[in-house]
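Report on the structure
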Amino acid sequence: MESSVNAVEMKSITKRFPGVLANDAIDFTLRKGEIHALLGENGAGKSTLMNCLTGLYNAEHGAILINGDVMLFRSPRDAIAHGIGMVHQHFMLVPSQSVTENVLLGLDEPRFRLNLSHYDVKIAAMGKQYGLEIDPQAKIWQLSVGEQQRVEIIKILYRGATILILDEPTAVLAPQEIEELFKTLRVMAAEGKSIIFISHKLDEVMTIADRITVLRKGKVTASDVLVSGTNKAELARLMVGRDVLFELEKEQQTPGEIVLAIENLSAQNDKGLAALRGISLHVRAGEIVGLAGVAGNGQSELAEVITGLRRPTAGNVVVHGQSMVGERAAKVAPARVVRRIIDAGVAHIPEDRTHVGTAPNLSITDNLIMKAYREAPIAQGWAINHQKATETAESLRVSYEILAPTVETPARMLSGGNLQRLILAREISSEPKLMIAMQPTRGLDVGAIESVQRMLLAQRKAGAAILLVSEELNELIALSDRIYVIYEGEIMGEMKEAKTEELGLMMTGSRQVDSEKIDQGQRDNN
Amino acid sequence: MDQSKWLGLAVSTGAVVVALILGGVILFLVGGNPVRTYIFMAKASFGSLGVLSDTLTKATPLILTGLACAIAFRMRLWNIGAEGQFFLGAFGASAVVLTPLLGADTSPWIMLPAMMLAGALAGALWGFIPGYLKARFDVNEIISSLMMNYIAIAWNNFFIFAVWSEGGFQMSPQFPRSAWLPRLTNYSQSAPILQGLTTHMGLIIGLVAAVIIWWIVFRSRWGYEIRLIGDNPRAARYAGINIARNTILVMMLSGALAGLAGMSEISGVVHRLQGSISPGYGFTGIIIAWLAKLNPLIIIPVSILFGALILAGREIQPSGIPTLLQGIILVSLIASDFLLRYKIRFTKRTQEA
Ligand SMILES: Nc1ncnc2c1ncn2[C@@H]1O[C@H](COP(=O)(O)OP(=O)(O)OP(=O)(O)O)[C@@H](O)[C@H]1O
Ligand SMILES: [Mg+2]
């Protein structure tokens, strides 16, 4: 094992799906001990290339060399046996089992007696070594997304991985968690492990990576790019093939009447613990209101209560003066509450696009008409106008640039970013009066982020009220007219001209010092 | 979409072929000649107009129970109570004739629709119960619908043995002619070739039902909701779809279809209510629905295949062979489905790793 050979060499890899050439003769090299970023717009073929490497897919053409030897893995299990492990964007853990049990799952050890405490110690030690602190006895369902990711990483490290692939690991993490992950990655790289890091966030790539390969439409557009010799603008151009503006033009406009008013809202989370503690806020027409906070402080529950998917324990949600989920409505069947909220013109971009936002085996068309199928022109009495539905879907596919061979393609075949576009297309095209946007740009490439942000601003201009929940502080600050900060289910304060440092402080629990309210509406409601 | 559709059909066809081969091997091992047996079986079920007509007669209840299972399975409601719903449908239809709600001299134009309605309603009621229990109390529908089968059979027996027993025999009196679904042979006066053909109007009911169910599943708003719930209930909830109500409605539709099968069988073939009206049509419907990949139109040819197998069982010795084939089809189907969905690998213990 001389250090001159590359950890991974992929030569002329070609992979075709029905109607798509996902990888077109791709060459890719990973050196030993480096952190190599793989960049590319949505559907460029990044995940596919990595899946070819780990044997989940079989490339039709091309060769793979691991540490200089030609290899062909028949399965991820095969790959991990040769030291290559991948953390997928959607985790594959068993929720009801402990961390240790999940790490050991599928291994031949322990042989006879489940001496779990022995392994608990081993796993805790391994976690400490790499800065992946975790309680080995905790059950997966008790862990945050960031902690689950640590379990996934420990899982492959435990199997002796020397080459690690992380597919959009930061998309689900809060800023501090990203910092911690980066520390871990640096420790691993210093130990001589080689890392492939996929991300759409150019800042991150510039921070963590040594070298960069850029894919576009299944082809390599730039390889062997040194981070020291490039910049964000150039990378963006390589990815999307045009210049990307990082500034947004937000026009000044005076917000209209209150569309969403939330009064003293309390709710519990899935574990039955208090998630929202007496929250009050409001959003006006033609206004984007940001909700800042570290993930897990009640944002998801708030969005679910507003959209009728979760019942509050106290308080009310008022949309256009109409009480939606308060005591008066408490006896109504939940499905009808959701219906009424949708009918009131509330769109919802859910946080979990695969489990909530789409139906994987239904076609793109069927996924796009999920909210519109009840009304003309898609509905025609009891029937669905199949032709109209197809036409509508086709035009949305074109205008939202959803990359797929046809609208008959099942949603599960879309790349992560294209699935997000599908949801955006559906929700925005409904011309909502109120939009609850949870992490709307998560997983999108720079070009797509730019166009989504434009769309949100266009909605604002058209008079929609938008509640934007995002962990991207820059995005929140750039788009929002006002920002609320949520911490442990309470509103810590409200800001008009938000500054990152001040936001950061409030996100960790310090209340706003000057309690002067920014918007009059708040006082009206109290 | 296209690809997975073709794959599904290929799997189904493959399962049938594998079953024929395995069955052939078994035939060979017990000293038979597989080729001759199969030719004989084919002749016994498709060889002449007469047996073809018998095959279609056997396929008729299967189409309806297959549809019953398919519509429920679409929503991932595992209704395995089609057998009981079949019996209840037969009961409901009989009640119209035997209670009697309508006299023997009623016009068939009124009598038959009334029997269809009563059969479908009785079956729907039998589907409603597990549907309601599932929607309201989250009771597992596999268990409740299975239990309902036993209740249905006991219920029918009570009426066969006691209330409607004909002179102490375990069967009801024969229905009046007005309660018989017309058979092809009825028209032999104008077309002699139809002489003795048993295929009855139930086949038309089955075919029409298949087209309607196809339309519901793929072209109606309700069918869209059913497919969405079946694929991702959380997305359905997010779209504001009432899952509880659909659970009840789909179980009722499923029960109504199986009930229609029961009606068609006693009104078209047996002409009385008795104990042995089903050799497990409701259970075979499960296999048929699965083999047809839950596609209502494909259920038609699959049902004809199974009708042929049942018929061939009457003709060949040992008569167990067709049943054996049915069993092997089911097993190879489940196995191939399973192997497609999960990759099973046999690995050596990794000592060195
Ligand atoms: N299993 C599949 N079946 C059919 N098509 C697929 C499949 N997986 C991916 N594709 C297609 O291959 C192309 C590349 O997809 P891939 O998931 O590799 O993109 P990506 O670069 O990871 O994008 P993203 O940043 O959006 O995750 C896309 O057009 C996608 O629709
Ligand atoms: Mg991807």
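Rules and cut-offs
Residues numbered from 1 in each chain as written. Chains lettered and ligands numbered in written order. Predicted model: local features only at pLDDT ≥ 70, side-chain atom pairs only at ≥ 80, totals over all residues. Heavy atoms only, no water. Near = heavy atom within 4 Å. Polar contact = N/O pair within 3.5 Å; in protein donor to acceptor, adjacent residues only side chain to side chain. Areas by Shrake-Rupley, 256 points an atom, 1.4 Å probe, with all protein chains shown as cover. Axes fitted to C-alpha atoms, helices over the stretch in contact; angles between N-to-C directions. Helix = DSSP H or I, 4+ residues; strand = E, 2+ residues; numbered from the N terminus. Parallel < 35°, antiparallel > 145°, perpendicular 65-115°, else oblique. Left-handed = near helix turned anticlockwise from the far one by under 90°. Contact = heavy atoms within 4.5 Å. Buried area = accessible area lost by both parts, 1.4 Å probe. Salt bridge = Lys/Arg side-chain N within 4 Å of Asp/Glu carboxyl O. Nonpolar A, V, L, I, M, F, W, Y, C, P; charged D, E, K, R; others polar. Domains from an automatic or database assignment. Expected span 1.5 Å × (residues − 1). Bend = angle between axes of the 7 residues up to and from the residue. Pairing = 2+ DSSP bridges.

All names here are of chain A. Around ligand 1 there are 20 residues in total, and Gly43, Ser47, Thr48, Ser415 and Gly417 lie nearest to it. Between ligand 1 and the protein, one listed contact pairs an oxygen atom with a backbone N or O atom of Lys46 at 2.8 Å. Between ligand 1 and Gly416 there is a distance of 3.4 Å, counted from an oxygen atom to a backbone nitrogen or oxygen. For ligand 1, the accessible surface in isolation is 640 Å², of which the surrounding protein chains cover 91%.

Let's shift gears to the packing of helix 3 (residues 49-74) of chain B against helix 7 (residues 202-219) of chain B. Residue and element names in this part refer to chain B. Where helix 3 meets helix 7, the closest approach of the two axes is 9 Å, and the angle between their N-to-C directions is 20°. In terms of orientation, helix 3 lies roughly parallel with respect to helix 7. In the crossing of helix 3 with helix 7, the sense of the turn from one axis to the other is left-handed. Seen from helix 3, the contacting residues are Leu56, Thr60, Ile63, Leu64, Leu67, Ile71 and Arg74; seen from helix 7, they are Gly202, Leu203, Gly206, Leu207, Ala209, Ala210, Ile213, Val217 and Phe218.

What follows covers the interface of chain A and chain B. With 42 residues of chain A at the contact, the number on the chain B side is 27 residues. Between chain A and chain B, the buried area comes to about 3100 Å², and carbon and sulfur atoms account for 50% of it. If you look at where chain A meets chain B, you find 1 salt bridge. With a closest N to O distance of 2.6 Å, Arg227 of chain B and Asp366 of chain A form a salt bridge. In this assembly, chain A and chain B are joined by 18 residue pairs in polar contact (both at pLDDT 80 or more). Listing elements by their share of the side of chain A that touches chain B, those giving two or more residues are helix 10 (334-343), helix 11 (353-357), strand 18 (383-384) and helix 14 (416-429) of chain A. With 5 residues, helix 10 of chain A is the single largest residue contributor to the side of chain A that touches chain B. In the side of chain A that touches chain B, the residues fall into 20 nonpolar, 9 polar and 13 charged.

The next subject is the domain arrangement of chain A. Residues and elements named next belong to chain A. By domain assignment, chain A separates into domain 1 (6-240), domain 2 (258-345 + 431-525) and domain 3 (361-430). Here domain 2 and domain 3 have C-alpha centroids that lie 27 Å from each other. Of the residues lining the interface, 16 residues belong to domain 2; the matching set on domain 3 comes to 12 residues. Here domain 2 packs against domain 3, burying approximately 1100 Å² in sum over the two surfaces, 61% of which is carbon and sulfur. Interface area lost by domain 2 to domain 3 is led by Ile342, Glu431 and Met455, which between them contribute 35%. Note that Arg421 is salt-bridged to Asp445, the shortest N-O span being 3.3 Å. Broken down by secondary-structure element, the contributors of at least two residues to the side of domain 2 that touches domain 3 are helix 10 and helix 15 (446-461). No other element matches the 4 residues that helix 15 contributes to the side of domain 2 that touches domain 3. Counted by class, the side of domain 2 that touches domain 3 contains 8 nonpolar, 3 polar and 5 charged residues.

Okay, helix 3 of chain B next. All names here are of chain B. Between its terminal C-alpha atoms helix 3 stretches 36 Å, which fits the 38 Å expected from 26 residues at 1.5 Å a residue. Where helix 3 bends most, the angle comes to about 30°, and this point is Ala59, followed within four residues by the proline Pro61. Directly beyond the C-terminal end of helix 3, a positive phi value near 55° is found at Arg76.

Our next topic: the sheet that holds strand 2 (residues 20-30) of chain A. Residue and element names in this part refer to chain A. Strands sit in the order 2-1-4-5 across an open sheet of 4 strands; the sheet is antiparallel. The open sheet has two edge strands with one neighbour each: strand 2 and strand 5 (69-71). If you compare each strand with its neighbour and ignore which way they point, the axes differ by 30° on average. Where helix 1 (residues 46-53) meets the sheet, its contacts fall on strand 1 (8-17), strand 2 and strand 4 (61-66), and the angle it forms with strand 1 comes to roughly 115°.

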